[in-house]
Amino acid sequence: MIRLDVNGTTHSLDVEGEMPLLWVLRDVLNLRGTKYGCGIGQCGACTVHFGGRAVRSCQTPVAAADGAQITTIEGLSADGTHPVQLAWAEIDVPPNPSRNGEVKLRLQGALLGSLSDSQTR
Ligand code: FES
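It should be emphasised that the depicted structure is a prediction, and the values quoted were computed from it without experimental measurement.

Description of the environment of Gly8
- Tracing the chain through its elements places Gly8 in the loop between strand E1 (2–6) and strand E2 (9–13).
- Taking the C-beta count within 10 Å as the criterion, Gly8 has 10 such neighbours and is therefore assigned exposed.
- Taking the C-alpha atoms as reference points, Gly8 and Thr71, 63 residues apart in sequence, are found 8.0 Å from one another.

Structure, rendered in structure tokens:
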């Protein structure tokens, strides 16, 4: 049994310890905001906060996260108003993993645009 605290909710999960954290989040806990991109730890689409650090969940066996506190994009704010959540929604992140490079560029642009807008007000 693996115990995860995801976005403030504790889950006890009967999953294989070698299963990547990414698939536990997406397929077991149905948190689809964490994306699959490259699967080799290069693109960052699967990044979550784990123990206060940004980690690539595609490269993290769920057993390594046993007992840890994890924050996904859904957990950044309860009402979806965190700037990253707003940017994610604004660019309408596609479910197609092959477009994650585009997602990152558009998200980066949206965030930089937000910073520029707020700095000029
Ligand atoms: S899916 Fe690309 S780094 Fe994890």
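Topic: the confidence of the model for the protein chain
- Across the protein chain, pLDDT averages 82, with 75% of residues at or above 70.
- Of the regions scoring below 50 in pLDDT, residues 115–121 engages in 0 contacts with residues more than four places distant in sequence or in other chains.

Structural notes on the pairing of E1
- Every second residue of E1 is oriented toward a common face, the buried set being Ile2, Leu4 and Val6 and the non-buried set Arg3 and Asp5.
- In this sheet, E2 lies alongside E1 in antiparallel orientation, the contact comprising 5 bridges. Bridge pairing links Asp5 to Thr10 in E2.
- Linking E1 back to E2 in an antiparallel pair, the connection comprises 2 residues, with Asn7 at a positive phi of about 55 degrees.
- Inspection of the sheet shows E1 paired to strand E5 (residues 69–71) by 2 bridges, in the parallel sense. Considered in E5, the bridge of Val6 is made with Ile70.

Things to note about the environment of Thr72
- Mapped onto the elements, Thr72 comes out in the loop between E5 and helix H2 (83–90).
- When the C-alpha atoms of Thr72 and Phe50 are compared, they prove to be 8.9 Å apart, with 22 residues separating the residues in sequence.
- Aside from chain neighbours lying at most four places away, what touches Thr72 is Val6, Asn7, Leu25, Leu31, Gly33, Thr34 and Val48.

Basis of the calculations
Residues numbered from 1 in each chain as written. Predicted model: local features only at pLDDT ≥ 70, side-chain atom pairs only at ≥ 80, totals over all residues. Helix = DSSP H or I, 4+ residues; strand = E, 2+ residues; numbered from the N terminus. Buried ≥ 20, exposed ≤ 12 C-beta atoms within 10 Å, placed from the backbone. pLDDT = per-residue confidence, 0-100. Contact = placed C-beta atoms within 7 Å. Pairing = 2+ DSSP bridges.

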